Amino acid sequence: MLKINKPASLYIHVPFCEAKCFYCSFYSIKGTEQDFLTWLENIKSQAQKLCARKIQLNTIYIGGGTPSILSLKIWRGLLNFIHDYFDVSTCLEFTVEANPNSLSRELLSLWKNFNVTRISLGVQSLNNDELKILGRLHDVNKALKAMELVKNFNFILSADLIFAIPGQNIRTWHNSLTGVINSGVDHISTYQLTLEPDTKLAREKNLTNSDLNKSGYYFYRYTQYLLPKKNFLQYEISSFAPENFECKHNLAYWTHKNIIALGESAAGYFEGTRYKISIEDPNKILLEKKLSRHDQAIEFAILNLRTKFGIDRHEFISRFDLETYNEIKNILSNLPNELFCNTSDKIILSQKGMRLGNAIWSELI
Amino acid sequence: MQDNKNQNNIRNFCIIAHIDHGKSTLADRLLERTGTISSRDMKNQILDSLTLERERGITIKLVPVRMDYKSPDGNNYVLNLIDTPGHADFAYEVSRSLAACEGALLVVDASQGVEAQTVANAYQAIDQGLEILPVINKIDLPSARPDNAKQEIHDVVGLEADNAILASAKDGRGVDEILEAVIKNIPAPNGDPNAPLQALIFDSVYDNYRGVICYVRIINGKIKAGQNILFMQNNITYPVNEVGVFKPAFTPVDELSAGEVGYITASIKTLAEAQVGDTITDANNPASNALEGYRKVKSVVFCGFYPVERDNYPQLRDALEKLCLNDSAVTYEPETSEALGFGFRCGFLGLLHMDVVRERLREEYNTELVATAPNVIYEILTASNEIIEAHRPGDFPDAGEIQEIREPFIKLSVFIPSEFTGRVMQLVQDRRGTYKSMDYITPERVRLIYEMPLSEFITDFHDKLKSNTRGYASVDYEFIGLRASELVRVDILVNGEAADAFSFICHKDQAYNRGHAAVVKLKELIPSQLFEIPIQASIGKRVIVRVNVKALRKDVLAKCYGGDITRKRKLLEKQKEGKKRMKQIGKVAIPQEAFLAFMQVDAENK
């Protein structure tokens, strides 16, 4: 059985939503106060099962689902538990995900009191037609207000935006991007809409992912063009931020840092082992088969390549070995030069390389 | 049983019919009527072994069957029904089956009339001296026009058909009359049971337990178990294990004698030793001569078979070996392709035969394979006056060293409703056909005779013809030899590397169009990769057409956090798996489907 006893990042999954967005295939349920309570109790017992007390936390991320729909009472219980069970004195970043629709002053001030530093807001678009197609519960006005509110509380603000929405064009995308920048965001995550089977959008729209992929190219390229000019540098496939505003918690995923995961369907990582909290039985921790040393190295390389920091030769060799590093370098040297930045001790994808990540990584597998 | 030994009570006959004109159903009725098999058992016993044929809607060969029939005239008769394959690919087999009979039922669909294949087989039957009984089938159909059908038999085949039997295999009408006509009109065999043995092999099959089973017609003499027999073509001797008749199950008998039809087993290992058309005689008392008409079967259509997974080459080889035990007309020899790896160049009697073999490999031997476009053998007269045979584009010498290229030609006869005449003439001319003659069978139906290269015929000519005539055309062909043609080899280069699987031979006037069609098709089939890929068609060093597969522009999944990592890795693994199944030509990965689809390219764009 897994017992986490070293410094780590903490991820807590809140599997509740007011309503399912038309594109979403993640596990979520509507949930009553009673469900929230049960969930909180499960979180506590999962933590006790999974990790020692007073582990030093590097980062905390409470995501979902829609964390902001939990009641103040539940939030208080959760935050108290985190502060009590873990050592948060070392925590560099504490993010909570929120929806414009369920954000309140009371919540924000509670979060502030419990040292939350960063709010990730599901803005998705600043165009009402697009928000409707996505099945979001908020409109543009609400999104703008929510961003203003978060900034007034002095949080670091990140906005999620979706591109390749049916009906979207490069101008409305431009407006969404510049709109969130003008609202003072410090970080932008952009995602291409994907049609997951068993979602309302996939069922109702006569579209395929390959259609979305085609238009996705234009939106993504434009993002890569526009955001750096506004000082939002692309530091990962889908993440843009000014220097030092990168999401430290997410970087932990891409650099194989240990992750404590709590809450149904949350996925964590400890020293090479990936695990997941069972959805059917929240008391069950499902361990994945540990990858071979070589496969771990390849996975590490692929995750590293998502970021602008790339694969660092020294770090890679200290974690794994020179042989594998050279193997990777060899494979990639057969690909066109323009896909990579010209660096000697690192392997870093160029902008073009980032657009073609899958094709490049699949060479390594 | 004993009185059946009298040749006077034996009738050996076959059914000549076009596909769909009701041959199998009529055969079923005859079996039922003579009580050879109950209607309930019919499906299981007769048709079971023929799933492949049934699925394709064609009957290649039925099992021969022996019926005991008590005629209203009070006598007992033995009727042997021998089937003939209904396709031009098997013209030789047809001739051997006919040679085992004294008569034939010429079955013509009452609404469709005479079709090309029927004429060809009927002519052959007449040529071999068979008595022919015209039967107009499917008279139960509302569209039946029996008088027209009779007229066509008269006008096209040249047989008197006024007394043709009107029948419906469906409701059983005419079946009794057919049986009586067989007895009255088809001559009994008149071999000499006391002469040295001469048995004609009209078919042979391979059985896992008993080895080769020869289907034979005893022309003269007698044969029984234990006897030493000699296969006259191959000059091999075997002791007979068993002789028997088809009831329709294999049923051993003591002896087969002149006039009878049955089977022989003799622990023969390969079909090649007991070839269709060969004569079996008594090794100790051989006949002075073999029966006439034996011919070595020669492949005319060729293609490459390659395993989908390179590792499966040994399985493919084993499957081919086993299949050839059952079908001696298939030839194969190993070959290598840059794109497809190790495989076999296989030869067939024709297109249908090729399809059947491919299907059988897939279904019976569970072998997934890539088949290259079918082609013919070319004969090349070199500058130094040497003659070489070219099986594949790669065998062609450089253009400068070629004096003349010769290719096989066929005489094609097409039967069509006259309204389609213009379209069919156009189609045949587009395929380098030379007009020979045209005549009206009836005011509504036309027979066209053309000469054309076989290579044009084997690239989906039949499909095109069908679609141009709403399925009403029927075709027959025969080989008329090699003729000089102005042919060139077109090579396809992918990213500058020759992709041998895609090169082809064609007439020089078609080179541009077909080269263009090929590169455009390949462009669709080769997925975008991390770099731009030029695809070119060239004749020798001269590039005649070029297109580019644009480089991939975006291929990345944005989200990748905790739970996505494993999912993402699986996705990449799947992507990689897909790529592994592709064939690498230089730096370019080409999907299997490209090779498969390319087989249609030639055809589609002609």
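What you see is a predicted model; the values in this text were computed from it and never measured.

1. Points about the overall build of chain B
Here's step 1: The helix and strand inventory of chain B stands at 15 helices and 33 strands.
Here's step 2: The burial tally for chain B puts 57% of its 606 residues in the buried class.
Here's step 3: Sequence separation of at least 24 residues holds for 70% of the intrachain contacts in chain B that already meet a minimum separation of 6.
Here's step 4: Summing over all exposed atoms, chain B offers an accessible surface of approximately 25600 Å²; the carbon and sulfur share of this is 47%.

2. Thoughts on the overall build of chain A
Here's step 1: Counting its secondary structure elements, chain A contains 14 helices and 14 strands.
Here's step 2: Looking at chain A alone, contacts between residues at least 24 apart form 69% of all its contacts between residues at least 6 apart.
Here's step 3: Of the roughly 15200 Å² of accessible surface on chain A, 49% is carried by carbon and sulfur atoms.

3. Section: the sheet that holds strand S18 (residues 331–337) of chain B
The strands that make up a sheet are held in pairs by hydrogen bonds between backbone atoms, and each pair lies either parallel or antiparallel.
Residue and element names in this part refer to chain B.
Here's step 1: Reading across the sheet, the four strands line up as S18-S19-S17-S20 and stay open at both edges, with antiparallel pairing between neighbours. Each having just a single partner strand, S18 and strand S20 (369–371) make up the two edges of the open sheet. Pairs of neighbouring strands in the sheet enclose a mean axial angle of 30 degrees, with direction left out of account.
Here's step 2: With seven bridges joining them, S18 and strand S19 (residues 341–348) adopt antiparallel strand pairing. Paired with Glu335 across the two strands is Gly343, which belongs to S19.

4. Quick notes on the nonpolar core
Here's step 1: If you look at the biggest cluster of nonpolar residues, it comprises 162 residues, and the most contacted ones within it are Trp39, Ile62, Trp75, Ile82, Phe86, Trp111 and Ile260 of chain A.
Here's step 2: Beyond its immediate sequence surroundings of up to four residues, Ile260 of chain A is in contact with Ile4, Ala8, Ser9, Leu10, Tyr11, Leu50, Cys51, Ile55, Leu57, Phe86 and Tyr275 of chain A.
Here's step 3: In terms of nonpolar packing, the next biggest core, distinct from the first, is built from 49 residues, Cys346, Val376, Phe396 and Ile410 of chain B among them.

5. Some words on a positive patch on the surface
Here's step 1: A cluster of like positive charges, contributed by Arg221 of chain A together with Lys523, Lys550 and Arg553 of chain B, occupies part of the molecular surface.
Here's step 2: Overall, Lys550 of chain B belongs to the exposed group, its relative accessible area being 57%.

6. Considerations on helix H6 (residues 170–182) of chain A
Since one α-helical turn is 3.6 residues long, residues separated by three or four positions face the same way.
Residue and element names in this part refer to chain A.
Here's step 1: In this model H6 runs 18 Å from its N-terminal to its C-terminal C-alpha over 13 residues, within 8% of the 18 Å that 1.5 Å per residue would give.
Here's step 2: Buried within H6 are the following residues: Thr172, Trp173, Ser176, Leu177, Thr178, Gly179, Val180 and Ile181.
Here's step 3: Between a side-chain oxygen at the N-terminus of H6 and the backbone nitrogen of Arg171 the separation is 2.8 Å; the capping residue is Asn169.
Here's step 4: Phi for Gly184, located one or two positions after H6, is positive at around 95 degrees.

7. Regarding the environment of Ala149 of chain B
Residues and elements named next belong to chain B.
Here's step 1: Within the secondary structure, Ala149 is located in helix H6 (residues 146–157).
Here's step 2: With relative accessibility at 1%, the residue Ala149 sits in the buried group.
Here's step 3: As a C-alpha pair, Ala149 and Ser111 span 38 residues in sequence and 7.2 Å in three-dimensional space.
Here's step 4: Each residue touching Ala149, except ones within four places of it in the same chain, is listed here: Val108, Asp109, Ala110 and Ile136.

8. Topic: the interface of chain A and chain B
Here's step 1: Residue-level contacts link 42 residues of chain A with 26 residues of chain B.
Here's step 2: Across the interface of chain A and chain B, roughly 3100 Å² is buried in total on both sides, 60% from carbon and sulfur atoms.
Here's step 3: Here chain A and chain B share one salt bridge between them.
Here's step 4: Close ionic contact of Glu299 of chain A with Arg569 of chain B constitutes a salt bridge, the shortest N to O distance being 2.6 Å.
Here's step 5: Put simply, chain A and chain B have 13 residue pairs in polar contact (both at pLDDT 80 or more) between them.
Here's step 6: Every element with two or more residues in the side of chain A that touches chain B is listed here: strand S6 (187–192), helix H8 (209–229), helix H9 (248–254), helix H10 (293–305), helix H13 (351–355) and helix H14 (357–364) of chain A.
Here's step 7: Broken down by element, the residue count for the side of chain A that touches chain B peaks at seven residues, all from H14 of chain A.
Here's step 8: Of the residues assigned to the side of chain A that touches chain B, the class counts are 22 nonpolar, 13 polar and seven charged.

9. Brief notes about unusual backbone geometry
Here's step 1: Of note, the bond from Gly64 of chain A into Gly65 of chain A is cis; its omega dihedral lies within 30 degrees of zero at 25 degrees.
Here's step 2: Relative to the assigned elements, Gly65 of chain A resides in the loop between strand S2 (57–64) and helix H2 (72–85).
Here's step 3: In this structure, Ser265 of chain A is a non-glycine residue whose phi angle is positive, near 75 degrees.
Here's step 4: With respect to the helices and strands, the residue Ser265 of chain A is situated in the loop between strand S9 (259–262) and strand S10 (267–270).
Here's step 5: For Ser265 of chain A, a relative accessible area of 17% corresponds to the buried category.
Here's step 6: Its identity is not glycine, yet Asn495 of chain B carries a phi of approximately 50 degrees, on the positive side.
Here's step 7: Turning to its location among the elements, Asn495 of chain B is positioned in the loop between strand S27 (487–494) and strand S28 (497–498).
Here's step 8: On the basis of relative accessible area, Asn495 of chain B is assigned to the partly exposed category, the value being 26%.

10. Observations concerning a nonpolar patch on the surface
Residues and elements named next belong to chain B.
Here's step 1: On the surface, a nonpolar cluster with roughly 310 Å² of combined accessible area is contributed by Tyr435, Met438 and Tyr440.
Here's step 2: Within the secondary structure, Tyr435 sits in strand S24 (residues 434–442).
Here's step 3: With a relative accessible area of 40%, Tyr435 lands in the partly exposed category.

11. A few points about the side chain of Arg355 of chain A
Here's step 1: Mapped onto the elements of the fold, Arg355 of chain A is located in helix H13.
Here's step 2: Glu338 of chain A provides the closest opposite charge to the buried, unpaired Arg355 of chain A, separated from it by 8.2 Å.
Here's step 3: At 2.8 Å, the side chain of Arg355 of chain A forms a polar contact with the side chain of Gln224 of chain A.
Here's step 4: Excluding residues that lie within four positions of it along the chain, Arg355 of chain A makes contacts with Tyr217, Tyr220, Arg221 and Gln224 of chain A together with Arg553, Lys554, Asp555 and Val556 of chain B.

12. Here's the deal with the pattern of salt bridges
Here's step 1: What the rule picks out here adds up to 40 salt bridges over all chains.
Here's step 2: The residue Lys346 of chain A makes a salt bridge to Asp312 of chain A at a minimum N-O spacing of 3.0 Å. Residue Lys346 of chain A is found in strand S14 (residues 346–347), and its partner Asp312 of chain A is found in strand S13 (residues 311–312); the two are separated by 34 residues along the sequence.
Here's step 3: Notably, a salt bridge pairs Glu359 of chain B with Arg362 of chain B, separated by 3.7 Å at the nearest N-O pair. Within this pair, Glu359 of chain B and its partner Arg362 of chain B are both found in helix H9 (residues 351–363), separated by three residues, close to a single helical turn.
Here's step 4: Assessed through its relative accessible area of 38%, Arg362 of chain B is described here as partly exposed.
Here's step 5: The structure contains a network of salt bridges with shared partners spanning Arg274 and Glu299 of chain A together with Arg569 and Glu573 of chain B.

13. Re the pairing of S2 of chain A
Residues and elements named next belong to chain A.
Here's step 1: Taking burial as the measure, the eight residues of S2 include six buried ones, the bulk of the element.
Here's step 2: By the bridge criterion, six bridges tie strand S1 (residues 8–14) to S2 in an arrangement that is parallel. From the neighbouring strand, Ile12 faces S2, where its bridge partner is Ile62.
Here's step 3: Each parallel crossover has a hand, and the one from S1 via helix H1 (residues 33–50) to S2 is right-handed.
Here's step 4: Looking at chain direction, S2 and strand S3 (residues 93–98) are connected through four bridges and run parallel. Its bridge partner being in S3, Ile60 is matched across the sheet by Phe94.
Here's step 5: Each parallel crossover has a hand, and the one from S2 via H2 to S3 is right-handed.

14. So, the side chain of Thr307 of chain A
Residue and element names in this part refer to chain A.
Here's step 1: When you line up the elements, Thr307 lands in the loop between H10 and S13.
Here's step 2: For Thr307, a relative accessible area of 3% puts it in the buried group.
Here's step 3: Those residues in contact with Thr307, other than ones at most four positions away along the chain, are Tyr235, Glu236, Leu251, Trp254 and Met354.

15. Brief notes about the confidence of the model for chain B
Residue and element names in this part refer to chain B.
Here's step 1: On average, residues of chain B carry a pLDDT of 86, and 93% of them reach 70 or more.
Here's step 2: Throughout residues 44–58 the model reports pLDDT below 50, and contacts reaching past four residues in sequence, or to other chains, amount to 29 contacts.
Here's step 3: Predicted complex, confidence summary: ipTM 0.87, pTM 0.64.

16. Digging into the sheet that holds strand S1 (residues 10–17) of chain B
Residues and elements named next belong to chain B.
Here's step 1: The sheet built from six strands is open, its strands ordered S2-S3-S1-S4-S5-S6 with mixed pairing. Either end of the sheet is taken by a strand with one partner, and the two such strands are strand S2 (65–70) and strand S6 (165–166).
Here's step 2: The pairing of S1 with strand S3 (residues 76–83) spans six bridges and is parallel. Counted as the bridge partner of Arg11 is Leu79 from S3.
Here's step 3: Contacting S1, S2, S3 and strand S4 (103–109), helix H1 (residues 23–33) runs over the sheet at an angle of about 155 degrees to S1.

Calculation notes
Residues numbered from 1 in each chain as written. Chains lettered and ligands numbered in written order. Predicted model: local features only at pLDDT ≥ 70, side-chain atom pairs only at ≥ 80, totals over all residues. Heavy atoms only, no water. Helix = DSSP H or I, 4+ residues; strand = E, 2+ residues; numbered from the N terminus. Buried < 20%, exposed > 50% of the residue type's maximum accessible area, 1.4 Å probe, protein only. Contact = heavy atoms within 4.5 Å. Areas by Shrake-Rupley, 256 points an atom, 1.4 Å probe, with all protein chains shown as cover. Pairing = 2+ DSSP bridges. Axes fitted to C-alpha atoms, helices over the stretch in contact; angles between N-to-C directions. Core = buried A, V, L, I, M, F, W, Y, C linked by side-chain atoms within 4.5 Å. Patch = residues over 30% accessible without salt bridge, like charges linked within 9 Å, V, L, I, M, F, W, Y side chains within 5 Å. Salt bridge = Lys/Arg side-chain N within 4 Å of Asp/Glu carboxyl O. Lys, Arg positive; Asp, Glu negative; His and termini not counted. Charge placed at Lys NZ, Arg CZ, Asp CG, Glu CD. Expected span 1.5 Å × (residues − 1). Polar contact = N/O pair within 3.5 Å; in protein donor to acceptor, adjacent residues only side chain to side chain. Buried area = accessible area lost by both parts, 1.4 Å probe. Nonpolar A, V, L, I, M, F, W, Y, C, P; charged D, E, K, R; others polar. Right-handed = clockwise from strand over helix to strand, strands pointing away. pLDDT = per-residue confidence, 0-100.

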